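Summary of the model geometry
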Amino acid sequence: MKIVIMGCGRVGAMLAGRLSDAGHDISIVDLTASAFRRLPEGFAGTQIVGNGVDQDTLREAGIEQADAFVAVTQGDNRNVMAAQVAMHLFDVERAVARIYDPERQKIYTELGLRTVSPTVILSDRLFDAVVDP
């Protein structure tokens, strides 16, 4: 699969490495070149410095051939906007946005956007760790 990832923080870098190791064609976009130092050794994908909401940057990353798009920056608004751009302007069927705010995640999910909320996931895991024997 061709996958474009916006955000090369810890999650984006780890995801990019795992997908690259699995044989996928990965492009990762970040605002700063220094973010790419988080990528694992041997990362075989493409690194693009730019704004992942910008259409020209997304084209450079190969969004027009992408099977999936993942937005994992620290900003919920940027992630939602970029995922919508990928879906609606570039017809990427699998666009996923990380959204920290559980209430906003619920709303965007109801509107048809694929979302993941680390807040909900971590809360569930911690609950299980505390309550389950």
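Residues numbered from 1 in each chain as written. Predicted model: local features only at pLDDT ≥ 70, side-chain atom pairs only at ≥ 80, totals over all residues. Heavy atoms only, no water.

Remarks on unusual backbone geometry
The phi dihedral of Asp-91 is positive, around 55°, even though this residue is not glycine. Of note, Asp-91 is situated in the loop between α3 (76-90) and β5 (94-98). (Helix = DSSP H or I, 4+ residues; strand = E, 2+ residues; numbered from the N terminus.)

Quick look at a nonpolar patch on the surface
Taken together, Phe-127, Val-130 and Val-131 make up a surface patch of nonpolar side chains, about 330 Å² in accessible area. Tracing the backbone through its elements, the reader meets Phe-127 in helix α5 (residues 118-131). (Patch = residues over 30% accessible without salt bridge, like charges linked within 9 Å, V, L, I, M, F, W, Y side chains within 5 Å. Areas by Shrake-Rupley, 256 points an atom, 1.4 Å probe, with all protein chains shown as cover. Salt bridge = Lys/Arg side-chain N within 4 Å of Asp/Glu carboxyl O.)

Details of the sheet that holds strand β6 (residues 114-116)
Adjacent strands of a sheet pair through backbone hydrogen bonds, lying either parallel or antiparallel. Within the open sheet, the six strands sit side by side as β3-β2-β1-β4-β5-β6. Their pairing is parallel. Among the strands making up the open sheet, the edge pair consists of β3 (46-49) and β6. Each strand of the sheet is rotated relative to its neighbour by a mean of 20°, with strand direction disregarded. Direction of pairing for strand β1 (residues 2-6) relative to strand β2 (residues 25-30): parallel, over a ladder of five bridges. (Pairing = 2+ DSSP bridges. Axes fitted to C-alpha atoms, helices over the stretch in contact; angles between N-to-C directions.)

What to know about the pairing of β5
Across four bridges, strand β4 (residues 68-71) lies against β5 in parallel orientation. Each bridged residue has a counterpart across the sheet, and for Phe-69 the counterpart in β5 is Ala-95. Taking the sense of rotation as the criterion, the β-α-β connection linking β4, α3 and β5 turns out right-handed. Sheet topology places β5 next to β6; three bridges connect them, and they run parallel. Looking at the pairing, Arg-98 lines up with Val-116 of β6. Of the crossover connections in this fold, the one passing from β5 over helix α4 (residues 102-110) to the parallel β6 is right-handed. (Right-handed = clockwise from strand over helix to strand, strands pointing away.)

With respect to the environment of Ile-3
With respect to the helices, strands and loops of the structure, Ile-3 is situated in strand β1. Ile-3 sits 58 residues away from Ala-61 along the chain, and the two C-alpha atoms are 9.2 Å apart. The residues touching Ile-3, leaving out its near neighbours within four places in the chain, are Leu-19, His-24, Asp-25, Ile-26, Ser-27, Ala-68 and Val-70. (Contact = heavy atoms within 4.5 Å.)

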